[in-house]
Amino acid sequence: MTTTAATPAVADPTGPTIATHCPYCALQCAMTLAGPQAEVSGRDFPTNKGGLCQKGWTSATVLRAPDRLTTPLIRGRDHELHPASWDRALALIAERITATKATYGPDAVAVFGGGGLTNEKAYTLGKFARTAIGTANIDYNGRFCMASAAAAANRALGVDRGLPFPLADLAGAQAILLLGSNLAETMPPAVQHLAGVRGQGGLIVVDPRRSATARLTADGAGIHLQPAPGTDLVVLQALLHVVFAERLADESYLAQRTSGVEQVRRSVSTWWPERAEQVCGINAETLRTVARRLAAASPAHGGRGAMILSGRGVEQSTQGTDTVTAAINLALALGLPGRAASGYGAITGQGNGQGGREHGQKADQLPGYRRIDDPAARAQVAGVWGVDPETLPGVGLPAVELLRRLGTPEGPKVLLVHGSNLLVSAPNAGRLRDRLAALDLLVVSDFVPSETALLADVVLPVTQWAEEEGTMTSLEGRVIRRRRAIDPPPGVRSELDILAELARRLESEVDLETGPAAVFDELARASAGGPADYSGLSHARLDLEPDLFWPCPATGPAGSQHPGTARLFTDTFPTADGRARMIAVDHRGPSDDVRPDAPIYLVTGRVLQHYQSGAQTRRVPELAKACPGPYVEMHQALADRIGVVEGELVVLTSSRGEVTAAARLTSNIRTDTVFMPFHWSGAGSANLVTTDATDPISGMPEFKVCAVSICASRPSQQAADPAPRRSGDSLSPVPVRVLMDEENR
Ligand SMILES: Nc1nc2c(c(=O)[nH]1)N[C@H]1C(S)=C(S)[C@@H](COP(=O)(O)OP(=O)(O)OC[C@H]3O[C@@H](n4cnc5c(=O)[nH]c(N)nc54)[C@H](O)[C@@H]3O)O[C@H]1N2
Ligand SMILES: Nc1nc2c(c(=O)[nH]1)N[C@H]1C(S)=C(S)[C@@H](COP(=O)(O)OP(=O)(O)OC[C@H]3O[C@@H](n4cnc5c(=O)[nH]c(N)nc54)[C@H](O)[C@@H]3O)O[C@H]1N2
Ligand code: SF4
Ligand SMILES: [Mo]
């Protein structure tokens, strides 16, 4: 790995120049922020090599959003949100939490975190929930993102680090199978690492759309497989069938480094390519070609290396864990994990999606990526926190289940949200809206009035990326420093301060640290000995060494400083017997499959210009102009069939609800499938129709695929709608509860 020296803060006549990273996705592109306006420029780093995408270039705009939140807000008797003092807002929250706990018990207070929070905030949020509140019910939006890939990697490989090797290793591979990832739009600077594999014709992209990434396979650069949505597991079973049938497997690797291969061999024996073709629609010969090409690139056959990488296209599925398991089985059969320019990896999405799933904001987890139901882990973490292990709650509800139970007789009555715009990004948004309205108290911490914040009873304004110190763990498992470049506007507070102050008001016996470096040191101690061991790291060390990957224990060989672990699995797997586990899986199909009354697949995802729920990027004029609103991408042939022309409004209806957006015609998608990005609220919000069915193993919702009917939007229908949901670009906030007495205003 090349080392790029950290650029320390240097004095500058126009203001300081600070070396930091982009606030958005898990690529965490390196950038510098200059001057009082935090002007962005790209900075050389092994992942982005100086490049940034459009979102990164414009990221400083959100620091100055005209509607930036700068004061706490409390909903009054008039159902409107009104400015309030911090003291009043925090007192109200503490009082309601205390009363709710007294009446219903601590699990009636729930906490929802996010993969955008720094490691320090994620850790503190988990500690706050388990100690100051004492609730089991804390989960986060990573459940919508990576949960199935994480579950599959944990059970097969013994650890979940998205990429178990540096991203730059991609450059050395001879073949890469990219499953359901649209890297060209979701991490544009990462595409440069594909140059080598494309030059050898080895890029294989699996996507029902001919996405920007699938188009990278053109001109002999590789192969695009365009399966029916939700059938990737069958594609993978067929590839593995061919590997075994044609004796292409790395049998010595299988014998020495894995267990369970015989069951897997049997489970794929019936998935010969012609049978798979019937289900996934990919030509049997093409499946054979792909299997042979991956095998030829594998070390066992003298190739330079083969990689299998997954994105949300295969993971956000009710069979997501099993699909990723099938991908890992294929990688193991080819002898890839731990070998040069080879292996399986999941491409983590959110800025701190990786660290966000290590430090204990997940319902089943304690810091260091330990299980909360493991007595040894409980004892260790309780020791660091200074509490009796008996007082720590057990496993709480996973996100979708938690949201489904909000405000029900047995469910949580209070919800604190940190770093998620649930109303736009959670599945089956209509139902969620009802559940949020049924709460006794909804508290949202954010820096902009997101759609979810506008529904809250109390809104707390927090600092943003360039206004705070902290660390993020990138898609490679590299721990990097986020640095403060400018002062926050007066009136906002850091979440570390807010949580510490709330803990005091809840009369918690546990003090929460408020300084990011001190929180990091505690987090590092709490993680010692766990799978994600950060105990050899500190802010000071990370400032000097930008090439540190976890696990990084306190001491290395012979008591030296540990160098971190850029590559995992080179000699062994962190399982009980040191072997990777191969697990037989089979295809079940999407939970909401097409049928006569819903004959079209809706697949959802992202566009280059917008990030997630759009709360940040819709506030950046350049991005909003480049991609102003929701649309439905559909094949020209489907448009002809339903009588729709380019730009005309269409209505998609599922058993959950309906969504209206303009048709965008293309030949890049299957004729049985339409695509919608999910970045907007209102009538064009894709999650009004998605299903909240979940993967039984990981709790991951099936965002990617559901069945819809489609028709042109008829004006008469619109006129007949008694309660249009659209109000500008946001759902009009429904005033739900009255919190502030007239006399207290
Ligand atoms: N511009 C932008 N970049 C982002 C983000 C963003 O919101 N905007 N978010 C970040 C985050 S949190 C994440 S998780 C990542 C996500 O990054 P990606 O996984 O690359 O993004 P998606 O667009 O959600 O999905 C990828 C592809 O899956 C395809 N797909 C849908 N259904 C199926 C299927 O059944 N099988 C297969 N094989 N493919 C299918 C879609 O057509 C889509 O092209 O991006 C990160 N980067
Ligand atoms: N249909 C469909 N739905 C999807 C997906 C899909 O592919 N299809 N993808 C899913 C995926 S992968 C993801 S990751 C989710 C993400 O969806 P969300 O969880 O909604 O993520 P964001 O839009 O990033 O929301 C973050 C919110 O927190 C705020 N915020 C950012 N940083 C901080 C911070 O440090 N502290 C606090 N308090 N607030 C902060 C932002 O302003 C924003 O309002 O969406 C999921 N929803
Ligand atoms: S690819 Fe991701 S990290 Fe890089 S500039 Fe774009 S949004 Fe930021
Ligand atoms: Mo994500």
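Quick caveat: nothing in here was measured; it's all calculated off a predicted structure.

Each value, and the rule that gives it
Residues numbered from 1 in each chain as written. Chains lettered and ligands numbered in written order. Predicted model: local features only at pLDDT ≥ 70, side-chain atom pairs only at ≥ 80, totals over all residues. Heavy atoms only, no water. Helix = DSSP H or I, 4+ residues; strand = E, 2+ residues; numbered from the N terminus. Rg over C-alpha atoms; globule rule 2.2 N^0.38 Å. Buried < 20%, exposed > 50% of the residue type's maximum accessible area, 1.4 Å probe, protein only. Lys, Arg positive; Asp, Glu negative; His and termini not counted. Charge placed at Lys NZ, Arg CZ, Asp CG, Glu CD. Domains from an automatic or database assignment. Contact = heavy atoms within 4.5 Å. Buried area = accessible area lost by both parts, 1.4 Å probe. Salt bridge = Lys/Arg side-chain N within 4 Å of Asp/Glu carboxyl O. Polar contact = N/O pair within 3.5 Å; in protein donor to acceptor, adjacent residues only side chain to side chain. Pairing = 2+ DSSP bridges. Axes fitted to C-alpha atoms, helices over the stretch in contact; angles between N-to-C directions.

Caption draft 1: Expanded view of the overall build of the protein chain. Broken down by element type, the protein chain carries 24 helices and 29 strands. Against the 2.2 N^0.38 benchmark of 27 Å for 745 residues, the protein chain shows a C-alpha radius of gyration of 25 Å, consistent with a compact globule. Along the first, second and third principal axes, the C-alpha atoms of the protein chain reach 80 × 75 × 55 Å. Within the protein chain, the proportion of its 745 residues that are buried is 64%. When the 71 positive and 78 negative side-chain charges of the protein chain are each reduced to one mean point, those points stand 3 Å apart.

Caption draft 2: Representation of the domain arrangement of the protein chain in the model. As far as domains go, the protein chain holds domain 1 (18–64), domain 2 (73–145 + 352–533), domain 3 (147–346) and domain 4 (600–712). With centres defined by C-alpha atoms, the gap from domain 1 to domain 2 works out at 26 Å. Facing 20 residues of domain 1, the contacting portion of domain 2 comprises 18 residues. Buried area between domain 1 and domain 2, both sides added, is near 1600 Å², and the carbon and sulfur share of it is 67%. Here domain 1 and domain 2 share zero salt bridges between them. Across the contact surface, domain 1 and domain 2 share four residue pairs in polar contact (both at pLDDT 80 or more). Residue assignment for the side of domain 1 that touches domain 2 shows that the elements contributing at least two residues are strand 1 (17–21) and strand 2 (30–34). Counting residues per element, the side of domain 1 that touches domain 2 draws most heavily on strand 1, at four residues.

Caption draft 3: Region of interest: the environment of Arg483. Along the chain, Arg483 turns up in the loop between strand 20 (479–482) and helix 19 (495–505). Here Arg483 falls in the buried class, since its relative accessible area comes to 13%. Each C-alpha atom, one on Arg483 and one on Gly470, is 6.6 Å from the other, the two residues being 13 residues apart in sequence. Side-chain polar atoms of Arg483 contact the side chain of Asp543, separated by 2.9 Å.

Caption draft 4: A look at the sheet that holds strand 17 (residues 441–446). Across the sheet, seven strands lie side by side as 5-4-18-17-16-6-7; this open sheet has mixed pairing. This sheet does not close on itself; its edge strands, each paired only once, are strand 5 (81–83) and strand 7 (138–140). Shown here is a sheet whose adjacent strand axes are inclined to one another by a mean of 20 degrees, direction ignored. Looking at chain direction, strand 4 (residues 73–75) and strand 5 are connected through three bridges and run antiparallel. Following the sheet pairing, Leu73 is matched in strand 5 by Pro83. Across the sheet, helix 2 (residues 86–104) touches strand 4, strand 6 (109–113), strand 16 (414–418), strand 17 and strand 18 (458–461), and the angle it forms with strand 18 is around 130 degrees.

Caption draft 5: Representation of the sheet that holds strand 3 (residues 39–42) within the structure. Taken together, the three strands give an open sheet; going across it, the order is 1-2-3, and neighbouring strands pair in antiparallel fashion. Bordering the open sheet on either side are strand 1 and strand 3, each of which pairs with just one other strand. Looking at each pair of strands side by side, their axes are set apart by 30 degrees on average, direction ignored. Note that strand 1 and strand 2 share five bridges and pair antiparallel. Note on strand 2: the bridge partner recorded for His21 is Ala30.

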